[in-house]
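Spelled out, the chains give:
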Amino acid sequence: MSITDALIHDLPKTDLHLHLDGSLRLSTLITLAQKYNISLPSYTEEGLKNTVFKEVYSNLGEYLSGFQYTCAVMQDEASLHQIAYELAIDNIAEGVRYIEVRFAPQLHTAKGLSIDQVFLAVHRGLKQAQEEFEESDAVRIHNQPPFRYGIIACALRMFTADTIGWYGQFLQHFQHPDLKHIFGQASLELVRNTTRCRDQYNLPIVGLDLAGQEDGYPAKHHKYAFNHAVKHFLNRTVHAGEAYGPESIMDAVTIVHADRIGHGYHLFSPERCGEEIVDKEAFTRRIIDYIANHRITIEVCISSNLQTNPAIGEAKNHHFGKMLEEELSATICTDNRLVSNTTVSKEIRLAVDAFHMTPKQLRNILIYGFKRSFFPGSYKVKRRYVRSIIDHSTKVFAKHGIVF
Ligand SMILES: [Zn+2]
């Protein structure tokens, strides 16, 4: 009944928390940087792994430093297409059958691309990979479930005048003593344009995310943007409980109507509640039950959390164990394949070993990923797709000697 690497490879998997700009192939970053004369600390894979994309980071700042290089090469349609295509191909190769790719389109407009062009270029890259896989022997002869994807637009909790693309310009052109209004307004315009692009081009844009510095920049500043998302049937996921306490998760769920939570690590950190919360333990307990009852899914990124929060130490200290104990709906994700030096299979291996997961727990966690996805398409189509995934998973487990 052991969970082997071969079993993990063969099982259909998802990645619902996957940043495009953190998940390039290193070889592609180097090639594109040379093509566009972008300065890198090194032009070899080994050199970049020693200087920027490390195994271990000392803090969040070091972790984030790589994004300046990746974003710099993602400013034209051909690069975005290639990077999205390769990301899908790499996922398909390790048995991932559904991904939701997120990015802030505003950060890819520095050389004049419109938001429309950014969405379309990424969509075309992902679609090409999907269509190629559809024609492969794996699907046509071996009846493997097809590959599907959705796109999530990221609003940013805050930005500065130096931020790449029109975010920076927005801040240069509009002045206000209270910047939160400008951050909120930028998110509102982003989501308006996101739903317009979805409808105008019939794109599989399925969600709105809120990313960026959590501490000091609460989700409530972006409530108009998220209300727009609710009214226009765009799903919501929010990075929360990554660098701030349970109240941030509470805000994400109750003020900006999050369907899923990115990270959610500090859901189990009552000591991180603010002073106004008198009974911190009781407050935290209630949020855990609320999340569990409403089946709000947590997108768990173990390697990323260990890298940005070295105080956690090792994987077995990660709160994913508590999420399993509480029977929360959680799904294992990579966050950033390049920056976190990981894959879906690696993250699953890490979780299985650290928490001694049973095959049944693994099966449930993998199925949550498909069930709680923002699948583009009707509910009936999604149900059929998930059913085919469950049937295929059962066969794969049986092939590896595990029958439930
Ligand atoms: Zn993230």
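As the structure is a prediction and not an experimental result, all values here were calculated from the model.

Student: Kindly report on the overall build of the protein, identifying the contributing residues and their values.
Tutor: The helix and strand inventory of the protein stands at 18 helices and 8 strands. In summary, the protein has a C-alpha radius of gyration of 20 Å against a globular reference of 22 Å for 404 residues, a match within 12%. Structurally, the protein occupies a C-alpha span of about 65 × 55 × 45 Å along its principal axes. Counting over 404 residues, the protein shows a buried share of 47%.

Student: Break down helix α12 (residues 246-254) for me, citing the residues and quoting the values.
Tutor: In terms of burial, α12 is largely enclosed, as 8 of its 9 residues are buried. Among the residues making up α12, those that are buried are P246, E247, S248, I249, M250, D251, A252 and V253.

Student: Let's hear about the pairing of strand β5 (residues 235-240): which residues, and what values?
Tutor: Judged by how many residues are buried, β5 sits mostly within the fold: 6 of 6 residues are covered. Burial along β5 is two-sided: N235, T237 and H239 and R236, V238 and A240, pointing in opposite directions, are all buried. Across 4 bridges, strand β4 (residues 205-211) lies against β5 in parallel orientation. By the bridge assignment for β5, L210 is matched with V238. Once you follow β4 into helix α11 (residues 223-231) and on to β5, the crossover reads as right-handed. Examined bridge by bridge, β5 and strand β6 (residues 260-263) share 4 bridges and lie parallel to one another.

Student: A description of the packing of helix α6 (residues 77-93) against helix α7 (residues 115-134) should follow, citing residues and the corresponding values.
Tutor: Running from N to C, α6 and α7 point in directions that differ by 35°, and their axes come no closer than 7 Å. For the pair α6 and α7, the crossing hand works out as right-handed. On α7, the residues touching E77, L80, H81, Q82, I83, A84, Y85, A88, I89 and I92 of α6 are Q117, V118, A121, V122, R124, G125, L126, Q128, A129, Q130 and F133. Class assignment of the residues belonging to the contact of α6 with α7 gives a composition of 13 nonpolar, 6 polar and 2 charged.

Student: A description of unusual backbone geometry should follow, citing residues and the corresponding values.
Tutor: Outside of glycine, negative phi angles account for most residues, and trans bonds account for most peptide bonds. Not every positive phi belongs to a glycine, and N37 is a case in point at roughly 55°. Tracing the chain through its elements places N37 in the loop between α2 (26-35) and α3 (45-51). You can call N37 exposed: it has 6 C-beta atoms within 10 Å. A positive phi is found at E327, a non-glycine position, where the angle reads about 55°.

Student: Run through the nonpolar core, naming residues and quoting values.
Tutor: Core analysis: the biggest nonpolar cluster contains 108 residues, and A84, A88, V101, V122, A252 and V300 have the highest contact counts within it. With near-sequence residues (within four places) excluded, A88 lies in contact with I99, L126, A129, Q130, F147 and Y149.

Student: Could you give me a rundown of the pairing of β4, with the residues and numbers involved?
Tutor: By the criterion of burial, β4 is predominantly enclosed, with 6 of the 7 residues buried. Pairing geometry for strand β3 (residues 148-156) and β4, over 6 bridges, is parallel. Within β4, the position partnered with I151 by the bridge is I205.

Student: Would you mind going over the environment of P146 in detail, with residue names and values included?
Tutor: Among the secondary structure elements, P146 is positioned in the loop between α8 (137-140) and β3. Classification of P146 by C-beta neighbours within 10 Å gives partly exposed; the count is 16. Each residue touching P146, except ones within four places of it in the same chain, is listed here: F133, E134 and V139.

Student: Residue-level account of α11, with values.
Tutor: Of the residues making up α11, those classed as buried are A225, F226 and A229. One side of α11 carries all its buried residues, which in axial view fall inside an arc of 95°. The inward-facing, buried residues of α11 abut β3, α10 (179-201), β4 and β5.

Student: Tell me about the sheet that holds strand β8 (residues 330-332), and name the residues and values.
Tutor: Strand order in this open sheet of 8 strands is β1-β2-β3-β4-β5-β6-β7-β8, and the pairing throughout is parallel. Only two strands of the sheet have a single neighbouring strand rather than two, namely β1 (13-19) and β8. When strand polarity is set aside, the average angle formed by the axes of neighbouring strands in this sheet is 25°. Packed on one face of the sheet, α12 meets β5 and β6 and runs near 170° to β5.

Student: Run through the packing of α12 against helix α13 (residues 280-293), naming residues and quoting values.
Tutor: Running from N to C, α12 and α13 point in directions that differ by 40°, and their axes come no closer than 10 Å. Taken together, the axes of α12 and α13 lie oblique to each other. Seen from above, α12 lies across α13 with left-handed handedness. The segment α12 lies against α13, with P246, I249, M250 and V253 engaging F283, T284, I287 and Y290.

Analysis parameters
Residues numbered from 1 in each chain as written. Predicted model: local features only at pLDDT ≥ 70, side-chain atom pairs only at ≥ 80, totals over all residues. Helix = DSSP H or I, 4+ residues; strand = E, 2+ residues; numbered from the N terminus. Rg over C-alpha atoms; globule rule 2.2 N^0.38 Å. Buried ≥ 20, exposed ≤ 12 C-beta atoms within 10 Å, placed from the backbone. Pairing = 2+ DSSP bridges. Right-handed = clockwise from strand over helix to strand, strands pointing away. Axes fitted to C-alpha atoms, helices over the stretch in contact; angles between N-to-C directions. Left-handed = near helix turned anticlockwise from the far one by under 90°. Contact = placed C-beta atoms within 7 Å. Nonpolar A, V, L, I, M, F, W, Y, C, P; charged D, E, K, R; others polar. Core = buried A, V, L, I, M, F, W, Y, C linked by C-beta atoms within 7 Å. Arc of directions from axis to C-beta. Parallel < 35°, antiparallel > 145°, perpendicular 65-115°, else oblique.

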